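The lines below spell out each chain.
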Amino acid sequence: MTGYEELRLRHVRDAMAAAGELIGQLDWPAAQLAAHRGAGLRRLVQTAQTASPWHRKRLEHVDLDSLDEATLAALPTMTKDDLMANFDEIITDDRLRLDVVEDHLKRLTDDAYLFGRYHAGASSGSTGRRGVFVYDWDGWTTAYLGVVRQLLRELAAWPKAAHPPLVATVASGTATHIFYSATQTFSTPRLATRPFAVTQPVAEIVAGLGDCQPDLLFGYTSALHALSREARAGRLRIAPRLVIATSEPLLPEIRAELEQAWDVPVLNYYACSEAGAVAISCHRGSDGLHLADDLLIVEPVTSRDEPVPPGGRADKIYLTNLFNHTLPLIRYEITDEVTLLDGPCRCGSGHRLIADPQGRLDDTFDYGQIAVHPHVFRSPLSRHRSIIEYQIRQTARGATITVVCDGPADLPALEAELAAGLTGIGVPSPQVSVTPAASIERHATGKLRRFVPLADAGQAYHR
Ligand SMILES: [Zn+2]
C-alpha cells in the first residue's frame, strides 16, 4: 500500500495544479458563476440519483434537464440528523460505512488517508450534534483551496521577502478536525504553517508566537480575542500583516479589538466541516464576505423555510456542496444566521456578499486567572462516537456535563480525559462529571446552548 507521504506529495502536486483555476474563479462574473452552479447541481444530483440509495428514493422524480437554482427549492432538505441516521445509504462508496469511518477516526492521531484516497473528519457544529464527513481526493483538494485561494492570491502580490510567509494557526489540534488535517495534507515550504492548539495554555501560545513571529495569524475567533488582550497588555509582541478569524462568529466588538491590537486588516472566514470555506472577507471593497459562489449553493431561509431576500437576516441556510460527490449534501440545513447583502461588491467581484454571520460564541470558562477555551471540552467530546449531543455547565472547580448517547460510551474515561485537559491548562484538581440523558432541552430557535458559564447557571435556555 502506498505510504502517507507519497500520497500526500501527490495530493500537494494536484492542489498546485488546480490552484490557478480556483483562484481564477474568484474573478468570474455573476452570470458565469450561476451557469457553473446550475451545471454543478445537475452533476451532483445525477450522482446522488445513481450512487446514493437514500438520495435516489427522495430524488428519483427530479428531471435533470429542468433542474437549476430556480427549481432547487422543490427538492427535499436534509439535516445533520438525517445524515448521521442514513450515512451508509447516503455515501456513494459502499466501503465507507459509518462504522468503518468511525473506526478510522478513532485511531486518528495525525492526518491520514482512508482507502488511500479519502479524508474523514468529525464536528460538533453550531447545534452541538456530532457529524461525520468524508471527502474524496478532489473534494479534499477543493475544500482546502477554497479556504486558502484568496490568501494565495494575496501573498503572490506581496513584495518578495527573505523567507516565505509564515502562517501561525491557533485552532483545533486534533486530527479529526478537517482544517487541522487539511493543513497537514497540503503543507509545503511555500506556505509554512506553525500550528498551535487552542487547548494549550495561553502563555505557551504567546511564547511560541513571539518566537516564530508569524506574517499571518489565523485562528478561532475566541482564541484570537484572548491573544489580542495579551498583545494589548504587552505580553504578546508580534506584527502580523493579516489576521484571519474563523469558525466562530466575529462579533463587531471582537473585530474592533483585533483591529486595535494589531492595526491590520481582520478577515473573517466563515467555514464549516461540511464544505470548507462558505464565505471569506473581501477587505477590498466592503466589510462583507464573498460567498464561494462557484463551489456551493447557499439558500438563506426563515425557520419556516421561506426564502429570505437580500438585506434580511435568515434563521438558517440550506447548503448544497457541489464539489464533494462522495457525500452528497443537497439542501443541507445549517442553523447559522446569515444576511445576504444587496447588490454587487464594490471590488467588482461577481460573488455575492453576506454580512459577518452572527450568532453566539461558545463561552470561554474562567477559573480564576485561567481561561479555558471551549475546545478543551469540545475536542474530547467529539472523539466519542456515541455522544451525539451535549451541554456543559461550568462549576467552581470543573464542569457537569449532560450527554445524549446513541450507544455505549465510556463516560468514566471521558471524565478522566476532560479532567486531564483542564489540569494540563492549569486548573487545579478539576472535578468533571458526565451524566447521560435522553435529551437536552433546547431554546425555541432549536439551538442548544452548549456552554453555560458559572455566572449564567440557571439561564441555560435563554439567549
Ligand atoms: Zn469584494
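Note that the coordinates shown come from a computational prediction; the quantities given were computed from them, not determined experimentally.

Participant: How would you sum up the packing of helix α12 (residues 375-383) against helix α13 (residues 411-425)? Please name residues and give values.
Facilitator: Interaxial distance between α12 and α13 falls to 10 Å at its minimum, and their mutual angle equals 155°. When the axis of α12 is compared with that of α13, the two are roughly antiparallel. Where α12 crosses over α13, the handedness of that crossing is right-handed. Along the contact surface, α12 presents V376, F377, P380, L381 and R383, while α13 presents L414, E417, L418, G421, L422 and I425. Looking at side-chain class alone, the contact of α12 with α13 contains eight nonpolar, one polar and two charged residues.

Participant: Explain the pairing of strand β5 (residues 216-220) to me, using residue names and the numbers behind them.
Facilitator: Counting buried positions along β5 yields five of five residues, so the element is predominantly enclosed. Where strand β3 (residues 166-171) meets β5, four bridges bridge the pair, whose relative direction is parallel. Note on β5: the bridge partner recorded for V167 is L216. Of the pairings in the sheet, the one linking β5 to strand β6 (residues 242-246) comprises five bridges and is parallel in character. The partner of L217 across the bridge, within β6, is V243. Note that the unit made of β5, helix α10 (residues 221-232) and β6 has a crossover that is right-handed.

Participant: Go over the sheet that holds strand β8 (residues 276-281) with me, naming the residues and quoting the values.
Facilitator: Here eight strands make up an open sheet; going across it, the order is β4-β3-β5-β6-β7-β8-β9-β13 and the pairing mixed. With partners counted over all chains shown, the strands left at the sheet margins are β4 (192-197) and β13 (353-354), one partner each.

Participant: Tell me about the sheet that holds strand β16 (residues 387-395), and name the residues and values.
Facilitator: Where strands meet in a sheet, backbone hydrogen bonds hold them as pairs that are either parallel or antiparallel. If you trace the four strands from one edge of the open sheet to the other, you get β18-β17-β16-β19, paired in mixed fashion. Unpaired on one side and paired on the other, β18 (431-436) and β19 (451-452) mark the two borders of the sheet. Direction of pairing for β16 relative to β19: parallel, over a ladder of two bridges. Across the sheet, I392 pairs through a bridge with F451, a residue of β19. Against the sheet, α12 touches β16, β17 (398-405) and β19, its axis set at about 150° to β16. Helix-sheet contacts for α13 involve β16, β17 and β18, and the interaxial angle to β18 is about 150°.

Participant: Could you give an account of the nonpolar core, with specific residues and numbers?
Facilitator: Within the largest apolar cluster, 68 residues are counted, with the highest numbers of intra-cluster contacts made by F87, V101, Y270 and L296. Per-element accounting of this core gives the leading share, eight residues, to helix α7 (residues 137-157). In this structure, Y270 is in contact with G276, A277, V278, A279, L289, I317, I334, D336, V338, I354 and P357, ignoring residues within four places of it in sequence.

Participant: With reference to specific residues and values, describe the packing of aromatic side chains.
Facilitator: Evaluation of the coordinates by the stated rule reveals nine aromatic pairs. Judged by centre distance (4.5 Å) and plane angle (20°), the ring pair of Y144 and F186 falls under stacked. Residue Y144 is found in helix α7, and its partner F186 is found in the loop between α8 (178-185) and β4; the two are separated by 42 residues along the sequence. One exposure class covers both Y144 and F186, and it is buried. Ring pairing ties together the aromatic residues Y4, Y113 and W137, which thus form one cluster.

Definitions and cut-offs
Residues numbered from 1 in each chain as written. Predicted model: local features only at pLDDT ≥ 70, side-chain atom pairs only at ≥ 80, totals over all residues. Heavy atoms only, no water. Axes fitted to C-alpha atoms, helices over the stretch in contact; angles between N-to-C directions. Helix = DSSP H or I, 4+ residues; strand = E, 2+ residues; numbered from the N terminus. Parallel < 35°, antiparallel > 145°, perpendicular 65-115°, else oblique. Left-handed = near helix turned anticlockwise from the far one by under 90°. Contact = heavy atoms within 4.5 Å. Nonpolar A, V, L, I, M, F, W, Y, C, P; charged D, E, K, R; others polar. Buried < 20%, exposed > 50% of the residue type's maximum accessible area, 1.4 Å probe, protein only. Pairing = 2+ DSSP bridges. Right-handed = clockwise from strand over helix to strand, strands pointing away. Core = buried A, V, L, I, M, F, W, Y, C linked by side-chain atoms within 4.5 Å. Phe/Tyr/Trp six-rings, centres within 6.5 Å; stacked < 30°, edge-to-face > 60°.

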